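Observations on the model geometry
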Amino acid sequence: MEKTTSILHPNANRLFWGSCLALITTAFSFSIRAGILPQLGEELSLSAEQLGFINSMWFLGFPISMVIGGLIYHKVGGKAIMQFAFFAHTIGIIMTIYSGSYTGLLVSTLLIGLGNGCTEAACNPMIADAYQGVRMSKMMNRFHMWFPGGIAIGSVISTFMSDGFNIGGSLLGGGMSWESQIWVILIPTLIYGFIFLGQKWPEAKVEEAATLSGNLKAMLSPLFIFMICCMALTAISEFGPQQWSSLILEKSGANPMLILALVTGLMAVARYFGGSVVKQFDQTGVLLGSAVIATIGIFLFSTQTGAMAYVAAIFFALGVAYFWPNMIGFVADKIPKSGALGMSIIGAVGMFSTSIFQPIIGGWIDTDKAEAAAAGLTGDELELVAGQATLSTMVAFPAILIVLFTFLWFWMRKRNQTSAAEAASGQPASEL
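All of the points below concern the structure found in this document. (Residues numbered from 1 in each chain as written. Predicted model: local features only at pLDDT ≥ 70, side-chain atom pairs only at ≥ 80, totals over all residues. Heavy atoms only, no water.)

Further remarks concern the overall build of the protein chain. Counting its secondary structure elements, the protein chain contains 16 helices and 2 strands. In terms of C-alpha radius of gyration, the protein chain reaches 22 Å, essentially the compact-globule figure of 22 Å for 432 residues. Across its three principal axes, the protein chain shows a C-alpha extent of roughly 70 × 50 × 40 Å. Burial analysis of the protein chain (432 residues in total) assigns 53% to the buried set. Looking at the protein chain alone, contacts between residues at least 24 apart form 82% of all its contacts between residues at least 6 apart. When the accessible area of the protein chain is evaluated, it comes to approximately 18300 Å², of which 67% is carbon and sulfur surface. The distance from the centre of the 20 positive side-chain charges to the centre of the 23 negative ones in the protein chain is 17 Å. (Helix = DSSP H or I, 4+ residues; strand = E, 2+ residues; numbered from the N terminus. Rg over C-alpha atoms; globule rule 2.2 N^0.38 Å. Buried < 20%, exposed > 50% of the residue type's maximum accessible area, 1.4 Å probe, protein only. Contact = heavy atoms within 4.5 Å. Areas by Shrake-Rupley, 256 points an atom, 1.4 Å probe, with all protein chains shown as cover. Lys, Arg positive; Asp, Glu negative; His and termini not counted. Charge placed at Lys NZ, Arg CZ, Asp CG, Glu CD.)

The next point concerns the side chain of T109. In this structure, T109 sits in helix α4 (residues 102-130). There is a polar contact of 2.7 Å between the side chain of T109 and the backbone oxygen of L105. Residue contacts for T109: discarding those within four places in its chain leaves R33, I54, M57 and W58. (Polar contact = N/O pair within 3.5 Å; in protein donor to acceptor, adjacent residues only side chain to side chain.)

Here the focus is the nonpolar core. The tendency in soluble globular proteins is for nonpolar side chains to be buried side by side. Grouped together as the largest cluster of nonpolar side chains are 113 residues, with contacts concentrated most on M82, M227 and F405. Tallying contributions element by element places helix α1 (residues 12-43) first for this core, with 14 residues. Setting aside its immediate chain neighbours within four residues, M82 contacts A22, C118, T119, A122, C123, Y192, F196 and W201. (Core = buried A, V, L, I, M, F, W, Y, C linked by side-chain atoms within 4.5 Å.)

Time to look at the packing of helix α13 (residues 323-334) against helix α16 (residues 396-425). As a packed pair, α13 and α16 sit with axes 15 Å apart at the nearest point and diverge in direction by 25°. Classified by the angle between their axes, α13 and α16 sit roughly parallel to one another. Considering how the two elements wind past one another, α13 and α16 form a crossing that is left-handed. Contacts between α13 and α16 pair F323, M327, F330 and K334 from the former with L401, F405, L408, M412 and R415 from the latter. (Axes fitted to C-alpha atoms, helices over the stretch in contact; angles between N-to-C directions. Parallel < 35°, antiparallel > 145°, perpendicular 65-115°, else oblique. Left-handed = near helix turned anticlockwise from the far one by under 90°.)

A word on the side chain of T390. Considering the arrangement of structural elements, one finds T390 in helix α15 (residues 379-394). T390 gets classed as buried once you look at its relative accessible area, which sits at 0%.

Take unusual backbone geometry next. For S45, which is not glycine, the phi torsion reads 55° and is therefore positive. Here S45 shows up in the loop between α1 and α2 (48-76).

Quick look at the packing of aromatic side chains now. The geometry of two aromatic rings is summed up by the distance between their centres and the angle between their planes. This model, assessed by the stated rule, comprises 19 aromatic pairs. With a centroid separation of 5.6 Å and an interplanar angle of 70°, the aromatic rings of F226 and W411 are classed as edge-to-face. Placement of F226 in helix α9 (residues 222-249) and of W411 in helix α16 is noted, with a sequence separation of 185 residues between them. Looking at F226, the relative accessible area reads 15%, which means it is buried. (Phe/Tyr/Trp six-rings, centres within 6.5 Å; stacked < 30°, edge-to-face > 60°.)

A few words on α16. Across its 30 residues, α16 extends 44 Å between first and last C-alpha, which sits within 8% of the 44 Å expected from 1.5 Å per residue. Along α16, the positions that sit buried rather than exposed are F397, P398, L401, F405, L408, M412 and E422. (Expected span 1.5 Å × (residues − 1).)

Turning next to the packing of α4 against helix α14 (residues 339-374). Packing of α4 against α14 brings their axes to within 9 Å, and their N-to-C directions diverge by 130°. Here α4 lies oblique to α14, going by the angle between them. With respect to the hand of their crossing, α4 and α14 are arranged in right-handed fashion. Taking contact as the criterion, the partners of A121, N124, P125 and A128 in α4 are, on α14, A340, M343 and S344. The residue inventory of the contact of α4 with α14, partitioned by class, reads 5 nonpolar, 2 polar and no charged. (Nonpolar A, V, L, I, M, F, W, Y, C, P; charged D, E, K, R; others polar.)

This part covers the pattern of salt bridges. A complete count under the given rule lists 3 salt bridges for this structure. Where D282 meets K334, a salt bridge forms, and the shortest distance between an N and an O atom there is 3.4 Å. Of the two residues, D282 is situated in helix α11 (residues 274-303) and K334 in helix α13; the sequence distance between them amounts to 52 residues. With relative accessibility at 30%, the residue D282 sits in the partly exposed group. Overall, K334 belongs to the buried group, its relative accessible area being 9%. Of the charged contacts in the structure, one is a salt bridge between K334 and D333, with a shortest N-O distance of 3.2 Å. Linked through salt bridges whose partners overlap, the residues forming this network are D282, D333 and K334. (Salt bridge = Lys/Arg side-chain N within 4 Å of Asp/Glu carboxyl O.)

On to helix α8 (residues 212-219), then. Considered for burial, the residues of α8 that qualify are G214, N215, A218 and M219. Down the axis of α8, the smallest arc covering the buried residues is 130°, so these residues share one side. When the buried face of α8 is taken as reference, the exposed residues oriented beyond 90 degrees from it are S213 and K217. (Arc of directions from axis to C-beta.)

See the structure below:
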């Protein structure tokens, strides 16, 4: 049974549940908007390029508001940042429904992206300040479980409302407008707005974490810079294969939607139990083990077809599930003086990395298709061979992380031994 001293704020649990609903809003905006793209394109006569630019606004707003939110967190407070998130989500959702134009959709999607980034910028440091020790790691993992969990739920809702489910020869659902699906995103938005209403937010646990100069000094440490490099690789290890696996696996005999549901569902379950895993292995051990399992998963994606693709999905999901929450949790726990800004910068680096690598991965697919075509392959066989070749290239991302996290494990072990020796001698612990 956990000690109550692990909770540092009287309304921590209410704030936590509000954060979860806000992250579900983010996940719904990702999955439901993806599900309505064909309807949007047809009804508003939008090209694939225009739909691509609309989607890019989601990814653009996210890191921008994360960085700005981190910079101003201790000046304006997490409560004010979440109030802006609620405003951006609400206006963005309503504008999406009523704009009826390409420009309006660009603006509305940007607003939703800004709201999503503010959610991360406000809620990550709130959880880090409201809890401590293993409880903090547990709640950080359980907060982040709602992104894959929300994507899985949102995908089911969108499929039900758009196409319906055939059960016993009878079609349930289907035929609903894209506008009605967007209204669904407003439900968790209104709930989290009510939960946060009138609530006081926790103060920073570490005094230096509440100052910009203290944040910047901690972020210039070798450990933080090292973690930035690792974050770029963990993010693309997760989102790279996930973004492209549907396109690649479609020709392998596996159902891409089942793969997506399996991956996101397992990630949510794994993150729910993340606190126990971190307690057993610490964040460094969890990150190292995750890199090993993720490497196996992506390798299996690149070599297996049919039913074995689902086995690959299981390894992949269990491998990448702990990357994002424990990278942020590591910074909160091991580099606390970096504060809200440090956590926001780490998250923003992950999003920027994903954005930068997407066209690079697309180029790999084009090159591998050209090589497969030159070898005389055509049709589905060409698509499968080229796709698996691209996935085999992506194995390099988590494979590099195995080396980096092994180094980190020894680094932190030595640091802990040094800190213990200094504590025993009565000397102050060394700065990072």
